Amino acid sequence: MREFILYSRLGRTDAKFSNLHDAGRLDIVYECTIASLFLSHAIRKNTSFHAILNGPPQPPLHVKIEGATLHDVRTDQKTWEQILRKTLSGKPHPGVRTNKTSFEALLKSKASQGPFYVLEEGGKDISEIKIGDNPIFVLGDHVGLPKKVEGFALRYGEKVSLGKQPYLAASCITILNFLLDRKATP
């Protein structure tokens, strides 16, 4: 099992928005969802994606999307806008759940489940790290992780880097999935 946790500073916590971009950059949540869970013509059953939304009106809100139970989806933005709008309204969708769990509570609950890797350009190069079983990757949105949040996450893991260039969050997830897939292939 692999997991990705995105800290969204501004992501709206209700369904009152006209589009994902203007909803506190929920478009980044959408892009990271696709990068985390989808292959060409398949869903990664061994992967979960979490987004902690910290925008108005009532933060935090934890959105969990599980590849193992996710269905009735496509990869286009309109579909995911509808799914997010529905689940942020409190209605269910197969494989997508929301609750009031904070970032700190989520990390504490997963502390014993696998090694944590906090993505940051100044971290140890990923090529020098033996990624453990059941990895949990923590990353920020377009603004990055607040220092306090990063410090908390580092209690549970280590800071790693994909290089000196700052990549989009979804691109980081794609690179990590590629590295993990490659490692798993004999």
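Described in the following lines is the structure provided in the data block. (Residues numbered from 1 in each chain as written. Predicted model: local features only at pLDDT ≥ 70, side-chain atom pairs only at ≥ 80, totals over all residues. Heavy atoms only, no water.)

When helices and strands are counted, the chain shows 5 helices and 9 strands. Listed by position from the N terminus, the elements making up the chain come as β-α-β-β-β-β-α-β-α-β-β-α-β-α. At 15 Å, the chain has a C-alpha radius of gyration in line with the 16 Å of a compact globule built from 186 residues. On the principal axes, the C-alpha backbone points of the chain span a range of 45 × 40 × 30 Å. The 186 residues of the chain split such that 50% are buried. (Helix = DSSP H or I, 4+ residues; strand = E, 2+ residues; numbered from the N terminus. Rg over C-alpha atoms; globule rule 2.2 N^0.38 Å. Buried < 20%, exposed > 50% of the residue type's maximum accessible area, 1.4 Å probe, protein only.)

The contact between helix 1 (residues 26-37) and helix 5 (residues 169-184) brings their axes to 8 Å, and the two run at 10°. On the basis of their axis angle, the class for helix 1 and helix 5 is roughly parallel. Contacts between helix 1 and helix 5 involve Ile28, Glu31, Cys32, Ala35 and Ser36 from the former and Ala169, Ala170, Ile173, Thr174 and Asn177 from the latter. Its residues assigned to classes, the contact of helix 1 with helix 5 shows 6 nonpolar, 3 polar and 1 charged. (Axes fitted to C-alpha atoms, helices over the stretch in contact; angles between N-to-C directions. Parallel < 35°, antiparallel > 145°, perpendicular 65-115°, else oblique. Contact = heavy atoms within 4.5 Å. Nonpolar A, V, L, I, M, F, W, Y, C, P; charged D, E, K, R; others polar.)

Here the focus is the environment of Leu162. With respect to the element layout, Leu162 can be found in the loop between strand 9 (157-161) and helix 5. Residue class for Leu162 comes out buried when judged on its relative accessible area of 18%. Among all residues touching Leu162, those that are not within four sequence positions of it are Leu119, Ile126, Tyr167, Cys172, Ile175 and Leu176.

The subject of this paragraph is the sheet that holds strand 5 (residues 61-66). Backbone-to-backbone hydrogen bonds pair the strands of a sheet. The strands run either parallel or antiparallel. If you trace the 7 strands from one edge of the open sheet to the other, you get 6-5-4-1-8-7-9, paired in mixed fashion. This sheet does not close on itself; its edge strands, each paired only once, are strand 6 (96-99) and strand 9. On average, each strand axis in the sheet is inclined to that of its neighbour by 30°, with strand direction left out of account. Across 7 bridges, strand 1 (residues 2-8) lies against strand 4 (residues 47-53) in parallel orientation. Bridged to Ile5 within strand 4 is His50. Sitting on the sheet, helix 2 (residues 77-88) touches strand 4, strand 5 and strand 6, and the angle it makes with strand 6 is about 40°. Against the sheet, helix 5 contacts strand 1, strand 4, strand 7 (116-125) and strand 8 (136-140), and its axis sits at roughly 170° relative to strand 1. (Pairing = 2+ DSSP bridges.)

Turning next to helix 2. For helix 2, with 12 residues, the first-to-last C-alpha span of 16 Å sits near the 16 Å given by 1.5 Å per residue. Inspection of helix 2 places Thr79, Trp80, Glu81, Ile83, Leu84, Thr87 and Leu88 among the buried residues, and these make up the whole buried set. Where the residues of helix 2 are buried, they touch helix 1, strand 2 (38-39), strand 4, strand 5 and strand 6. Backbone geometry just after helix 2 places Gly90 at a positive phi near 90°. (Expected span 1.5 Å × (residues − 1).)

Attention now goes to the side chain of Thr33. Summarising the element assignment, Thr33 is placed in helix 1. In this structure Thr33 touches Phe38, Phe49, Ile65 and Trp80, once residues within four positions along its chain are discounted.

The next point concerns the pairing of strand 4. The side chains of a regular strand alternate between the sheet's two faces. Most of strand 4 sits inside the fold, with 7 of its 7 residues counted as buried. Going residue by residue along strand 4, you find Thr47, Phe49, Ala51 and Leu53 tucked away on one face and Ser48, His50 and Ile52 tucked away on the opposite face as well. Where strand 4 and strand 5 come together, 6 bridges link them in antiparallel fashion. Residue Leu53 lies in a different strand from strand 5, and its bridge partner there is Leu61.

Between helix 1 and helix 2, whose axes approach to 10 Å, the crossing angle comes to 110°. By the angle between their axes, helix 1 is roughly perpendicular relative to helix 2. Seen along the crossing, helix 1 lies across helix 2 with a hand that is right-handed. Within the contact between the two elements, helix 1 uses Leu26, Asp27, Tyr30, Thr33 and Ile34 and helix 2 uses Gln77, Trp80, Leu84 and Leu88. Broken down by class, the residue content of the contact of helix 1 with helix 2 amounts to 6 nonpolar, 2 polar and 1 charged. (Left-handed = near helix turned anticlockwise from the far one by under 90°.)

Just distances and angles here, no functional claims.
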